[in-house]
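Residue-level structural notes
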There are 2 protein chains.
Amino acid sequence: MSHPIQFLLRAKEMPTHWYNLLADFPEPLPPPLHPGTKQPATLDDMKAIFPENLIAQEMSAERMIEIPQEVRDVYALYRPTPLLRAVRLEKALKTPAHIYYKYEGVSPAGSHKPNTAIPQAYYNKLAGTKRLATETGAGQWGSSLAMACQVFGLECTVYMVKVSFHQKPYRKLLMQTYGAKVYASPSRHTAFGRKMLAESPDSPGSLGAAISEAIEDTIKNHDTKYALGSVLNHVCLHQTVIGEETMKQMELAGEEPDIIYGCAGGGSNFAGIAFPFLREKIQGKKKFRVVAVEPASCPSLTQGELRYDFGDMAETTPLMMMYTLGHKFMPPSIHAGGLRYHGMAPMVSHCKKLGLIDAVAVTQTKVFEAGVLFARSEGLVPAPESSHAIAAVVDEAIKCREEGKKRVLVFNLSGNGLLDLAAYDTYLSGEMQHPTSGGGA
Amino acid sequence: MSHPIQFLLRAKEMPTHWYNLLADFPEPLPPPLHPGTKQPATLDDMKAIFPENLIAQEMSAERMIEIPQEVRDVYALYRPTPLLRAVRLEKALKTPAHIYYKYEGVSPAGSHKPNTAIPQAYYNKLAGTKRLATETGAGQWGSSLAMACQVFGLECTVYMVKVSFHQKPYRKLLMQTYGAKVYASPSRHTAFGRKMLAESPDSPGSLGAAISEAIEDTIKNHDTKYALGSVLNHVCLHQTVIGEETMKQMELAGEEPDIIYGCAGGGSNFAGIAFPFLREKIQGKKKFRVVAVEPASCPSLTQGELRYDFGDMAETTPLMMMYTLGHKFMPPSIHAGGLRYHGMAPMVSHCKKLGLIDAVAVTQTKVFEAGVLFARSEGLVPAPESSHAIAAVVDEAIKCREEGKKRVLVFNLSGNGLLDLAAYDTYLSGEMQHPTSGGGA
């Protein structure tokens, strides 16, 4: 009698390949530039911080890239992940829309981040790296990389944005349980961190600053490489395993999406769900809308400029063509720490420029309102990052009700909120701030 | 080349029936007794606290009991859960043993508890209950019931053992996010709580005391019923969905277990994995060993007496035939709060008495040592409760190595440790106590 609400894949149905959207862009992605010469960055320029196998992947024009068996064996801890239909949310909204969500929160770190942490640790291990240095915002990326390093036998050092270090002690503990070293950024561990602290002792930190610290640590230690949890092409690539699975699961569900949603900070979880669907859109096979949802307080896609900018605050990365609020932008301390980044992945920025995707921005209180509605109807507490997508889906579902139209909405529930409960507490007790814009640094 | 390490079921392979071991015991389970008359408790005796449909299930002699579709629709949020082979743990231990774990931590509450919370909320809703009152230790049960009540439109009040209320603030926040009212027990909200506080203002509380508070709250409010997260027959029954899935998945894996492990506090997650396998053992089809693993500091099965005892401290429940440390026993404040109970489920106790299962006790530091080993090799942080099972599995795997024997070990990884990271921190910083026995009340 009841309609199916759950679409699970077998182990053997896990995708064997990632999808590389670079191969299909109607016009090529502008290359990253060397910050000194302003010439396209070369493999040699990047070798100081990344292993060659990952640089090759970053620049690859191959359409489908095989997922190594060793990576699939660790993916198997939590992949394939479920696709579910949110029938109880539909009912609560009295909407004719059909709402589906891809749930990445079943991973050991509770989010989609292991999808790229695992291959990054694997390729570094192959290349002889001994230690990885990285930054983390809310801690989802740092804990995923800590896990992946532990599994492949690498050391791991994490610079964690100071505001999250204090707001999210459990994620810090998770990294330590996985054996990583964790510093609150800005830290006294790097010259850049010490300089920031001297200028602004109470700085809450930012992803851009933490990246600068991790890169400095990498450059000064030759057995160390750097790993980034979003923004770069190879990160977006690794996340496409999400969308590849979702397409198979929507076939099981027997429906075609009208609109696909992902929250967007650096852009990788959005890329993960969106890019495989964009392949079909570019090929003219399908017509769906694809929507990136960002915080109103850190609105790179909706308010930023498309131009070459640095990926970090200290101006050490190559220049990337992206929608940016400026690399000195200091985002306010919103609870969705994973979305506090001044720029947007070049590949996602390019999609926006080419008109392949739309972008909307939502406020923090609206995000938590949607998150609590989802938790109380569906039974799952979403990560505040993912609740950005939920907020946009709820708006559309209400519109469907008002227009009396059934549309099929699919979103990426990129993580669970079990380690974000302090933020829910702040919201439920009525003490949440409502930041709508950040200040300059 | 690589052997399969993951055994997933499709949505339609979710079991349609729970298994009732009561139907197959070689000798009948001694009935609960009315505390006044000492006669077998009747349906009428229990109607004050439970709805009739659940009492009927508690006493049912039916072998296979159908899982209502409405319950399966909510199970679909996270079931069927994965069975995984712990190849990286095997490698770390250099053991010829094959180690499999059934992973219940993918549920929205991060543990197996929703398996019974969902049907209990459903049957209460059917019976016209408006509110459920319950107790919780570590908060896994309370958050599961809060979730289930929210989904079925019931109110929920939780008495949370005071030591956990303070040690595990995130689980309290999770219950509140699901809309439940949460009191630290002993509380000023009941006469029993006020009496306890008067006698012992600094009491850390216990499950037995929190049960007394929840039952008092139930009896004083006629629209309210009581829900218990372990111990009772119908709770063990609902958990058998774990073992039923595991049996199908071991068939996919193409191996037969030699030994099956579950941690045991009240007994329900152990019952969940064990009972379906015991069915085959009783029928003489299979010969596996089945092992319950309990904390050395709360050792009801290994150190307790088999006799009639109360389920709660205030002597309000029926008398149950069980292994018990005495209902006035106050367990030490170990971090595996979910295992701090003075007695053992009557059905599990009966299994022990009949020689169907074995029991071992392990110390807290050994438990965390095993938990960290598992986290760092497999990549998943286990709940401290589940780490009891891991500790016993590790011991056996080492024995297999020493004897040069391959045995197939299967355990229930009943929950993840994402909300228990403060306990890992205590362990990793070398500050963990090593309690081996509790004091009287």
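Remember, predicted model here, so these are calculated numbers, not experimental data.

For chain A, the count of helices and strands is 17 helices and 17 strands. A compact globule built from 441 residues would reach a C-alpha radius of gyration of about 22 Å, and chain A, at 20 Å, matches this within 12%. In terms of principal-axis extent, the alpha carbons of chain A reach across some 65 × 50 × 40 Å. Looking at chain A residue by residue over its 441 residues, the buried ones come to 67%. A total of about 14300 Å² of accessible surface is found on chain A, and carbon and sulfur atoms cover 51% of it. A gap of 2 Å separates the mean positions of the 45 positive and 44 negative side-chain charges of chain A.

Bringing the sheet that holds strand β8 (residues 181-185) of chain A into the picture now. Residue and element names in this part refer to chain A. Here we have four strands laid out as an open sheet, ordered β8-β7-β6-β9, and parallel in their pairing. With one partner strand each, in any of the chains shown, β8 and β9 (224-226) form the two edges of the open sheet. Strand-to-strand twist of the sheet, defined as the mean angle between neighbouring strand axes without regard to direction, takes the value 25°. Relative to strand β7 (residues 155-161), strand β6 (residues 131-136) runs parallel, the two sharing six bridges. Residue pairing for β7: Arg131 is matched across the bridge by Glu155. Each of β6, β7 and β8 is contacted by helix α8 (residues 169-177), which is oriented at about 170° to β7, the strand it contacts most.

The next point concerns the UniProt feature "domain: Tryptophan synthase beta chain-like PALP" (unreviewed entry) in chain A. UniProt records the feature "domain: Tryptophan synthase beta chain-like PALP" (unreviewed entry) at residues 77-414 of chain A, using the numbering of this structure. Between the C-alpha atoms that bound residues 77-414 of chain A there is a distance of 16 Å. The span itself is 46% helix and 20% strand.

Residue and element names in this part refer to chain B. Of all the seven residues making up strand β7 (residues 155-161), six are buried; the element is thus mostly covered by neighbouring parts of the structure. Assessed by its sense of winding, the connection that carries the chain from strand β6 (residues 131-136) through helix α6 (residues 140-152) to β7 is right-handed. Bridge analysis of β7 against strand β8 (residues 181-185) gives five bridges, and the strand direction is parallel. When the sheet's bridge partners are listed, Val161 is paired in β8 with Ser185.

Before going further, it helps to examine helix α12 (residues 268-282) of chain B. Residue and element names in this part refer to chain B. With 15 residues, α12 ought to run about 21 Å at 1.5 Å a step, and its terminal C-alpha atoms sit 19 Å apart, in line with that. At Ala274, α12 is deflected by roughly 40°, the largest bend along its length, and proline Pro276 occurs up to four residues later in sequence. For α12, a buried count of 13 out of 15 residues is recorded, marking the element as mostly surrounded by other parts of the structure. In the segment just after α12, Gly284 is the residue with positive phi, at about 80°.

Looking now at the packing of aromatic side chains. All told, the structure shown has 25 aromatic pairs over all chains when counted by the stated rule. An aromatic cluster is built from Tyr101, Phe374 and Phe411 of chain A, whose rings are joined through pairwise contacts. Over the ring of Phe165 of chain B we find Lys172 of chain B, and its NZ or CZ is 4.7 Å from the ring centre.

This part covers the pattern of salt bridges. The tally for this structure, following the rule as stated, stands at 52 salt bridges over all chains. With a closest N to O distance of 2.6 Å, Glu216 of chain A and Lys220 of chain A form a salt bridge. Of this pair, Glu216 of chain A and Lys220 of chain A both sit in helix α10 (residues 207-220), four residues apart, which is roughly one turn of the helix. Across the pair Lys102 of chain B and Glu245 of chain B runs a salt bridge whose closest N-O atoms are separated by 2.7 Å. Linking Lys102 of chain B in strand β5 (residues 98-103) with Glu245 of chain B in helix α11 (residues 233-253), this pair joins segments that are 143 residues apart in sequence. Residues participating in the shared-partner salt-bridge network are Arg79, Lys102, Glu104 and Glu245 of chain A.

Attention shifts here to the sheet that holds β6 of chain B. All names here are of chain B. Strand order across the open sheet formed by four strands is β8-β7-β6-β9, with parallel pairing between neighbours. Two strands lie at the open edges of the sheet, namely β8 and β9 (224-226), each paired on one side alone. Across the sheet, the axes of successive neighbouring strands diverge by a mean angle of 25°, strand direction being ignored.

Our focus in this paragraph is the state of the cysteines. Residue and element names in this part refer to chain A. Evaluation of the coordinates by the stated rule reveals zero disulfides over all chains. No disulfide involves Cys263; its sulfur sits 12 Å from the nearest other cysteine sulfur, which is in Cys298. Its sulfur unpaired, Cys351 is 8.7 Å from the next cysteine sulfur, which belongs to Cys236.

It is worth spelling out the relation of the copies chain A and chain B at this point. Note on the identical chains: chain A maps onto chain B by a rotation of 180° and an axial translation of 0.0 Å, with an RMSD of 0.0 Å. Look at the turn and shift together and you get a two-fold axis relating the two. Within chain A, Val106 of chain A has its C-alpha nearest the rotation axis, a separation of 2.7 Å. Take the interface residues of chain A: 100% of them recur as interface residues in chain B, which is what a same-surface contact looks like.

Turning our eyes to something else, we now look at unusual backbone geometry. With an omega of -5°, the peptide bond between Arg79 of chain B and Pro80 of chain B qualifies as cis. The omega torsion across Ser185 of chain B and Pro186 of chain B is 5°, close enough to zero to call that bond cis. Assignment of secondary structure puts Pro186 of chain B in the loop between β8 and α9 (191-199). The residue Val231 of chain A is not glycine, and still its phi comes out positive at about 70°. The residue Val231 of chain A is located in the loop between β9 and α11 (233-253) in this model. Looking at Val231 of chain A, the relative accessible area reads 4%, which means it is buried. One non-glycine residue, Glu315 of chain A, lies in positive phi territory at about 65°.

Another point: the interface of chain A and chain B. On the chain B side, the residues contacting the 49 residues of chain A number 49 residues. A buried area of about 4400 Å², summed over both sides, lies between chain A and chain B, and 61% of it is on carbon and sulfur atoms. Seen at the junction of chain A and chain B, the total is two salt bridges. Between chain A and chain B we count 14 residue pairs in polar contact (both at pLDDT 80 or more) in total. Contributing elements (two or more residues each) for the side of chain A that touches chain B: α3 (69-75), α6 (140-152), α8, α15 (364-378) and α17 (421-428) of chain A. In terms of residue class, the side of chain A that touches chain B is made up of 30 nonpolar, ten polar and nine charged.

Before going further, it helps to examine the nonpolar core. Soluble globular proteins tend to bury their nonpolar side chains together. Residues Tyr101, Tyr261 and Phe411 of chain A together with Tyr101, Tyr261 and Phe411 of chain B are the most contacted members of the largest nonpolar core, which totals 164 residues. If we skip the residues at most four places from it in the chain, Tyr101 of chain A touches Pro82, Leu83, Leu84, Ala86, Phe374, Glu378, Leu380, Phe411 and Leu413 of chain A together with Leu77 of chain B.

The next thing to look at is the environment of Met321 of chain A. By the element assignment, Met321 of chain A lies in strand β13 (residues 319-324). Those residues in contact with Met321 of chain A that lie beyond four places of it in its chain are Pro30, Leu306, Arg307, Tyr308, Pro346 and Ser349 of chain A.

Another point: the packing of helix α12 (residues 268-282) of chain A against helix α14 (residues 346-353) of chain A. All names here are of chain A. Interhelical geometry of α12 versus α14 gives an angle of 50° and a closest axis separation of 11 Å. Compared by their axis directions, α12 and α14 come out oblique. As α12 runs across α14, the sense of the crossing is left-handed. Every residue of α14 that contacts α12 at Phe270, Ala271, Phe275 and Leu278 is listed here: Met347, Val348 and Cys351. Classifying every residue of the contact of α12 with α14 by side-chain character gives seven nonpolar, no polar and no charged.

The rules behind the values
- Residues numbered from 1 in each chain as written.
- Chains lettered and ligands numbered in written order.
- Predicted model: local features only at pLDDT ≥ 70, side-chain atom pairs only at ≥ 80, totals over all residues.
- Heavy atoms only, no water.
- Helix = DSSP H or I, 4+ residues; strand = E, 2+ residues; numbered from the N terminus.
- Rg over C-alpha atoms; globule rule 2.2 N^0.38 Å.
- Buried < 20%, exposed > 50% of the residue type's maximum accessible area, 1.4 Å probe, protein only.
- Areas by Shrake-Rupley, 256 points an atom, 1.4 Å probe, with all protein chains shown as cover.
- Lys, Arg positive; Asp, Glu negative; His and termini not counted.
- Charge placed at Lys NZ, Arg CZ, Asp CG, Glu CD.
- Pairing = 2+ DSSP bridges.
- Axes fitted to C-alpha atoms, helices over the stretch in contact; angles between N-to-C directions.
- Contact = heavy atoms within 4.5 Å.
- UniProt positions renumbered as here; feature names shortened; annotations may be inferred.
- Right-handed = clockwise from strand over helix to strand, strands pointing away.
- Expected span 1.5 Å × (residues − 1).
- Bend = angle between axes of the 7 residues up to and from the residue.
- Phe/Tyr/Trp six-rings, centres within 6.5 Å; stacked < 30°, edge-to-face > 60°.
- Lys NZ or Arg CZ within 6 Å of the ring centre and 35° of its normal.
- Salt bridge = Lys/Arg side-chain N within 4 Å of Asp/Glu carboxyl O.
- Disulfide = S-S within 2.5 Å.
- Least-squares fit on C-alpha atoms with pLDDT ≥ 70 in both.
- Buried area = accessible area lost by both parts, 1.4 Å probe.
- Polar contact = N/O pair within 3.5 Å; in protein donor to acceptor, adjacent residues only side chain to side chain.
- Nonpolar A, V, L, I, M, F, W, Y, C, P; charged D, E, K, R; others polar.
- Core = buried A, V, L, I, M, F, W, Y, C linked by side-chain atoms within 4.5 Å.
- Parallel < 35°, antiparallel > 145°, perpendicular 65-115°, else oblique.
- Left-handed = near helix turned anticlockwise from the far one by under 90°.

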